[in-house]
Amino acid sequence: MRRLLAVVACLGMLAGCGIGSGRVRIEGKPAGADQLGADSAVRDKLGRPDNVTQAIDLVRRFLTAPADDVNVRVQTVSSYISPDESFLPKDEVHVVHVDGGYNQFSDASGNTTVEVDVHHIGILNNFGRIEPSERGAEKLKFTVVDRPDGLFLSKLSHDVLLMSDSALNSYFQARRLYFWSKDGTQLIPDLRYVTLRQNAAGQADLLLQWLYEGPSPWLAPAVADLPSPTRPAGKRVSVKDGSLSVDLATAPGPEDGGRLAKQLAKTLLTASVSKLELTVAGVPQGDTTRPDDQRHEASERFGIVNGAVRRVAPGNTTGLTPPNPAPVTLPADLNKNLVAVAFARGQQSAVLVRQDGGVSVWHQQSGLTPVQLGQAKPLGQPVWLDRAATSALILADNRLYHIGPKGVATPVSGAENITAFSLAPDDTRLALVRNGRLWLAALTRTASNDLILNQPQVVPTLLGNGVQNVAFGGETTLVVAGPYATKITLVSANLDGFAPSSYRHDLFDPDVRVVHMASAPNAAPLFEVTGNGSFEAQVGGSQQLVPVGASPSAEVAGAKVSAPSFEG
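Residues numbered from 1 in each chain as written. Predicted model: local features only at pLDDT ≥ 70, side-chain atom pairs only at ≥ 80, totals over all residues. Heavy atoms only, no water.

### Section: the pairing of strand 26 (residues 437-445)
Line of reasoning, step 1. The element strand 26 is largely enclosed, with a buried count of 7 among its 9 residues.
Line of reasoning, step 2. Bridge count between strand 25 (residues 429-434) and strand 26: 6 bridges; the pairing is antiparallel. Bridge pairing links arginine 429 to alanine 442 in strand 26.
Line of reasoning, step 3. What sits between the antiparallel neighbours strand 25 and strand 26 is a turn of 2 residues, in which asparagine 435 has the positive phi angle 55 degrees.
Line of reasoning, step 4. Across 3 bridges, the pairing between strand 26 and strand 28 (residues 457-459) is antiparallel. Following the sheet pairing, leucine 438 is matched in strand 28 by valine 459.
Line of reasoning, step 5. As paired strands, strand 26 and strand 27 (residues 451-453) are joined by 3 bridges and run antiparallel to one another. In the sheet register, threonine 444 faces strand 27, and the bridge partner there is isoleucine 452.
Line of reasoning, step 6. From the end of strand 26 to the start of strand 27, which pair antiparallel, there are 5 residues, and asparagine 449 there has a positive phi angle of about 75 degrees. (Buried < 20%, exposed > 50% of the residue type's maximum accessible area, 1.4 Å probe, protein only. Helix = DSSP H or I, 4+ residues; strand = E, 2+ residues; numbered from the N terminus. Pairing = 2+ DSSP bridges.)

Written out as structure tokens, the structure reads:
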């Protein structure tokens, strides 16, 4: 077996070290950003400093300049350009990841060229969304000229604003807009980036505007719009003494009032601004605090060992698993010749995939129900769509199927040519792998309860077209697997591909595949590598999963775990 390297390394998303004089930070958040008060904002100077003396420092600062306020950012970027040249860029902020470092060369005339290998993440638009970019990897070349009045850039070859992802991490904060699901049962997050160069009231006003403008296009089919007549006219947000006030244009209807207050509170309130006061034309409507995030119970891990499902745990786990855990609830006559199992919460129901390709749904009270997939061959790990264990999803012949209450399997409309998928904790958003690329899509239901996979949106990643598998790492984060450089790698990133504080696990030689991934709220993802068993992706280094229980036999204890999963 190939040796697991268990190397955890920074992706370089926070790369870029000291950059000369000035307070601009290219690494992490600005000092004190987490403690910003209601009237605080990050006001570092982002224009070209007169005392910059190093060509590489100039280029690094140039890639930070688009983080300036939207109404002055073109002017700020232009301050780096030689005064005798014109620079008229499109007002688009293309976010790039610096892949490696900066290389500097000089020519006979004394000019300097700085080369930077970058990977395009996306375009930060005026609604705080990073829209996907198709530009992929690119080598940028910057000519630096030494004039009597200092160093400047000359003859730029691009006509857009380029901003490093470390600048995005320093001068913007990832926030979630929350939209009600179409059935009104849950709030679903939509990722945005708000500038830290505004105070808390300014940030809340931006988020409020974006909330009324609506969700990201790929998510829109699954969520409800806000009641538009209530939209505040102009800037009607203020912050005082840890309380945020929003003045609505009109009062919401009886059915919308409580929901709107909860939606605004969850979107706008933070640790330092913890109370929302709603008014209508200045008349108080009541106070609201931020709803607690949904609490998720710990999920037990399971895996297949010698054809039977068993509880599993990382090999270094001590004290987290009872020494004599209860046996799995699946009857012994069914717990054999299996290749994958998905237990519902409480382990009273399960979807079983057998070695002969057969699929069944088991309920402890009603027994076994065969699932009719026709000639389709099951692939991957089935997942439950609801806590009531009435329906599930399974991949078969690269197509997603919906298993209904009576075991009837129907194709999910629009869900073809898929090699891997992961369901978000809200059971509405789906991450999927298609043609080696990562995509996001929303699941909706028709009036007859058929599932539809709506138009997906591509997610650029460092793995390019080599994505093998994916798992949700949280509400708005993903872990993707595939070849990177010379190893099969796990990469953690936000839903749009940006990785503000990500880790990378360099795992195995590139002739293997990550064939299963599983995720659960507040738990590290599990994954299986062909020929090597299954692992948990811990921050300190991935740990191999092993069966647990009362004195397992030598045969079981030494067997590799396959098809890892969580209950629920």
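### Thoughts on the confidence of the model for the protein
Line of reasoning, step 1. The pLDDT averaged across the protein works out to 84; a share of 86% of its residues lies at or above 70.
Line of reasoning, step 2. No element of the protein has a lower mean pLDDT than strand 1 (residues 7-10), at 32, and none a higher one than strand 25, at 97.
Line of reasoning, step 3. Under a pLDDT of 50 for its full length, residues 1-39 has, in the predicted model, 112 contacts with residues more than four places off or in other chains.
Line of reasoning, step 4. A low-confidence stretch, residues 317-323 stays under pLDDT 50, and its non-local contacts, those more than four residues away or across chains, total 4 contacts. (pLDDT = per-residue confidence, 0-100. Contact = heavy atoms within 4.5 Å.)

### Side note on the sheet that holds strand 22 (residues 399-403)
Line of reasoning, step 1. Read across the sheet, 4 strands follow the order 20-21-22-23 without closing on themselves; strand pairing throughout is antiparallel. The open sheet terminates on both sides in strands that have one partner only, identified here as strand 20 (378-384) and strand 23 (409-411). Within this sheet the neighbouring strands show an average axis-to-axis angle of 25 degrees, counted without direction.
Line of reasoning, step 2. For strand 22 and strand 23, the ladder comprises 3 bridges, and the chain directions are antiparallel. Looking at the pairing, isoleucine 403 lines up with alanine 409 of strand 23. (Axes fitted to C-alpha atoms, helices over the stretch in contact; angles between N-to-C directions.)

### Points about the nonpolar core
Line of reasoning, step 1. In this structure, Leu244, Val246 and Leu264 are the most contacted members of the largest nonpolar core, which totals 49 residues.
Line of reasoning, step 2. In this structure, leucine 244 is in contact with Ala204, Val237, Ser238, Val239, Leu268, Leu269, Val273, Lys275, Leu276 and Glu277, ignoring residues within four places of it in sequence.
Line of reasoning, step 3. The next biggest cluster of nonpolar side chains, apart from the first, holds 41 residues, and it includes Ala67, Val77, Phe87 and Tyr102. (Core = buried A, V, L, I, M, F, W, Y, C linked by side-chain atoms within 4.5 Å.)

### Description of helix 5 (residues 257-268)
Line of reasoning, step 1. Its 12 residues give helix 5 an end-to-end C-alpha distance of 16 Å, which sits within 8% of 16 Å, the value for a rise of 1.5 Å per residue.
Line of reasoning, step 2. Every buried residue belonging to helix 5 is among Leu260, Ala261, Gln263, Leu264, Ala265, Lys266, Thr267 and Leu268, and all of these are buried.
Line of reasoning, step 3. The inward-facing, buried residues of helix 5 abut strand 8 (172-180), strand 9 (187-195), helix 4 (200-213), strand 11 (243-248), strand 12 (275-280) and strand 13 (283-289). (Expected span 1.5 Å × (residues − 1).)

### Structural notes on the pattern of salt bridges
Line of reasoning, step 1. In total, this model carries 24 salt bridges according to the counting rule given.
Line of reasoning, step 2. The residue arginine 236 makes a salt bridge to aspartate 247 at a minimum N-O spacing of 2.5 Å. Here arginine 236, found in the loop between helix 4 and strand 10 (237-240), pairs with aspartate 247, found in strand 11; they are 11 residues apart in sequence, far enough to count as distant. (Salt bridge = Lys/Arg side-chain N within 4 Å of Asp/Glu carboxyl O.)

### Here we look at the layout of surface pockets
Line of reasoning, step 1. Each pocket or cavity is described by its volume, and for the second largest pocket that value is around 450 Å³.
Line of reasoning, step 2. Tallying contributions element by element places strand 8 first for the lining of the second largest pocket, with 6 residues.
Line of reasoning, step 3. Grouping the amino acids of the lining of the second largest pocket by side-chain chemistry returns 10 nonpolar, 7 polar and 5 charged. (1 Å grid on protein atoms, 1.4 Å probe; cavity = no way out; pocket = protein on both sides within 12 Å on 5 of 7 lines; lining within 4 Å. Points joined across faces, edges and corners; volume = space filled by probe spheres on them. Nonpolar A, V, L, I, M, F, W, Y, C, P; charged D, E, K, R; others polar.)

### Focus on the environment of leucine 248
Line of reasoning, step 1. Tracing the sequence through the fold places leucine 248 in strand 11.
Line of reasoning, step 2. For leucine 248, a relative accessible area of 2% corresponds to the buried category.

### Remarks on helix 1 (residues 55-62)
Line of reasoning, step 1. Most of helix 1 sits out of view: 8 of its 8 residues are buried.
Line of reasoning, step 2. Turning to helix 1, its buried residues number three or more, namely Ala55, Ile56, Asp57, Leu58, Val59, Arg60, Arg61 and Phe62.
Line of reasoning, step 3. Looking at the buried positions of helix 1, the neighbouring elements they touch are helix 2 (73-78), strand 2 (90-106), strand 3 (112-124), strand 5 (137-147), strand 6 (150-154) and strand 7 (160-164).

### Things to note about empty space enclosed by the protein
Line of reasoning, step 1. Counting across every chain of the model gives 5 cavities of 30 Å³ or more.
Line of reasoning, step 2. Taken together, 18 residues line the largest cavity, and the ones lying closest to its centre are Ile130, Ser216, Trp218, Gln457 and Asp496.
Line of reasoning, step 3. Here the element with the most residues in the lining of the largest cavity is strand 9; it accounts for 4 residues.

### Re the packing of aromatic side chains
The geometry of an aromatic ring pair is captured by two quantities: the separation of the ring centres and the angle between the planes.
Line of reasoning, step 1. Throughout the structure, instances matching the rule amount to 5 aromatic pairs.
Line of reasoning, step 2. Relative to tyrosine 80, the ring of phenylalanine 62 lies with its centre 5.8 Å away and its plane at 70 degrees, an arrangement referred to as edge-to-face. Taken together, the positions of phenylalanine 62 in helix 1 and tyrosine 80 in the loop between helix 2 and strand 2 put the pair 18 residues apart, joining distant regions of the chain. Tyrosine 80 carries the same exposure label as phenylalanine 62, and that label is buried.
Line of reasoning, step 3. Considering the side-chain rings of phenylalanine 527 and phenylalanine 535, the 5.6 Å spacing of their centres and the 25 degrees angle between planes classify their relative orientation as stacked. The exposure classification of phenylalanine 527 matches that of phenylalanine 535, with both residues buried.
Line of reasoning, step 4. Three or more aromatic residues link up through ring pairs in this structure, and these residues are Phe62, Tyr80 and Phe142.
Line of reasoning, step 5. The positively charged end of arginine 48 is found above the aromatic ring belonging to phenylalanine 152, 3.8 Å away from the centroid. (Phe/Tyr/Trp six-rings, centres within 6.5 Å; stacked < 30°, edge-to-face > 60°. Lys NZ or Arg CZ within 6 Å of the ring centre and 35° of its normal.)

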